[in-house]
Amino acid sequence: AQTLLDFYTGKITTAAAVNQQTTTAKSYTLEEETLHLYVLIVTLSKGVKISEIKNLISDYNTKNFSTAKLTISNIFLDNTRQIITVSNFENKTKAMLYLNNIKTNKDVFSVLKPADYKQFIISVNNYPIMYKGKDTDKYYEFFQANYLK
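I will try to describe carefully the structure that is included in this document. (Residues numbered from 1 in each chain as written. Predicted model: local features only at pLDDT ≥ 70, side-chain atom pairs only at ≥ 80, totals over all residues. Heavy atoms only, no water.)

## A word on the nonpolar core
- Of all hydrophobic cores here, the largest spans 37 residues; its most connected members are Tyr38, Leu40, Ile53, Ile57, Tyr98 and Tyr139.
- Elements with a contribution of two residues or more to this core: strand E1 (36-43), helix H3 (50-64), strand E3 (81-89), helix H4 (92-102), helix H5 (106-109), strand E4 (117-123), helix H6 (127-133) and helix H7 (136-147).
- With six residues, the top contributor of residues to this core is E1.
- Non-local contacts of leucine 40, meaning those with residues more than four positions away in its chain, are made with Ile53, Ile57, Gln82, Ile83, Ile84, Phe109, Leu112, Tyr117, Lys118 and Gln119. (Core = buried A, V, L, I, M, F, W, Y, C linked by side-chain atoms within 4.5 Å. Buried < 20%, exposed > 50% of the residue type's maximum accessible area, 1.4 Å probe, protein only. Helix = DSSP H or I, 4+ residues; strand = E, 2+ residues; numbered from the N terminus. Contact = heavy atoms within 4.5 Å.)

Below, the structure written as structure tokens:
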């Protein structure tokens, strides 16, 4: 707020305001031993039913991860995308195991075109940063650099 006030009163320039906002913005951190979520971002289009996808994921979880006590939820990211999350992975390793298994499951993704979704895992501390910023591409770059190496 102070940055905006200083900008409007002429105490700082546009470039300085942008630089200050950029440096104060939170960035993602790699936290391998914290709780993680599996995230499926779905672009809404004709024929895409979020409830059907959640049911397919639930069936998958029952068959493959029945003792893991996983929970599924969904929320709008914006007007064109929804986030489906599967939560309660103890750490990065367990979340990656889940991701690597579910991404090859033909049943779960039978109702989606590859261009209509993106999937990754994220720590519980990085999730609110990604959600508030709505910049899933920026997080996906972080995910690729830190989780898929």
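So, next bit.
## A closer look at the packing of H4 against H7
- Put simply, H4 and H7 touch, their axes get as near as 13 Å, and they point 105° apart. Considered as vectors, H4 and H7 are oriented roughly perpendicular to each other. Between H4, through Lys92, Met96 and Leu99, and H7, the contact on the second element is made entirely by Phe143, Asn146 and Tyr147.
- Considering only residue class, the contact of H4 with H7 consists of four nonpolar, one polar and one charged. (Axes fitted to C-alpha atoms, helices over the stretch in contact; angles between N-to-C directions. Parallel < 35°, antiparallel > 145°, perpendicular 65-115°, else oblique. Nonpolar A, V, L, I, M, F, W, Y, C, P; charged D, E, K, R; others polar.)

## A closer look at H7
- Helix length check: H7 (12 residues) gives 15 Å between terminal C-alpha atoms against 16 Å at 1.5 Å per residue, within 8%.
- Buried within H7 are the following residues: Thr136, Tyr139, Phe142, Phe143, Asn146 and Tyr147. Summarising the axial view, the buried residues of H7 lie within an arc of 120°, below the 170-degree limit, and thus occupy one face.
- Where H7 is buried, its residues contact E1, E3, H4, E4 and H6. (Expected span 1.5 Å × (residues − 1). Arc of directions from axis to C-beta.)

## Side note on the environment of serine 123
- Note on placement: serine 123 falls in strand E4.
- Taking the C-alpha atoms as reference points, serine 123 and tyrosine 38, 85 residues apart in sequence, are found 9.0 Å from one another.

## Observations regarding the sheet that holds E4
- If you trace the four strands from one edge of the open sheet to the other, you get E2-E3-E1-E4, paired in antiparallel fashion. One side of each edge strand has no neighbouring strand; the edge strands of this open sheet are strand E2 (71-76) and E4. Each adjacent strand pair in this sheet contributes to an overall mean axis angle of 20°, direction not counted.
- Two elements, E1 and E4, share seven bridges in a ladder whose sense is antiparallel. (Pairing = 2+ DSSP bridges.)

## Some details on H4
- Considered for burial, the residues of H4 that qualify are Lys92, Ala95, Met96, Tyr98, Leu99 and Ile102. Around the axis of H4, the buried residues are gathered within 160° of arc, so they sit on the same side.
- Lining the buried residues of H4 we find E1, H3, E3, H5, E4 and H7.
- At the N-terminal end of H4, a side-chain oxygen is found 3.1 Å from the backbone nitrogen of threonine 93, two or three residues along, and the residue is asparagine 91. (Polar contact = N/O pair within 3.5 Å; in protein donor to acceptor, adjacent residues only side chain to side chain.)

## Considering the side chain of threonine 136
- Along the chain, the position of threonine 136 falls in helix H7.
- One polar contact links threonine 136 to arginine 81, side chain to side chain, over a distance of 3.0 Å.
- Apart from the residues within four sequence positions on either side, threonine 136 is in contact with Ile41, Leu77, Arg81 and Met130.

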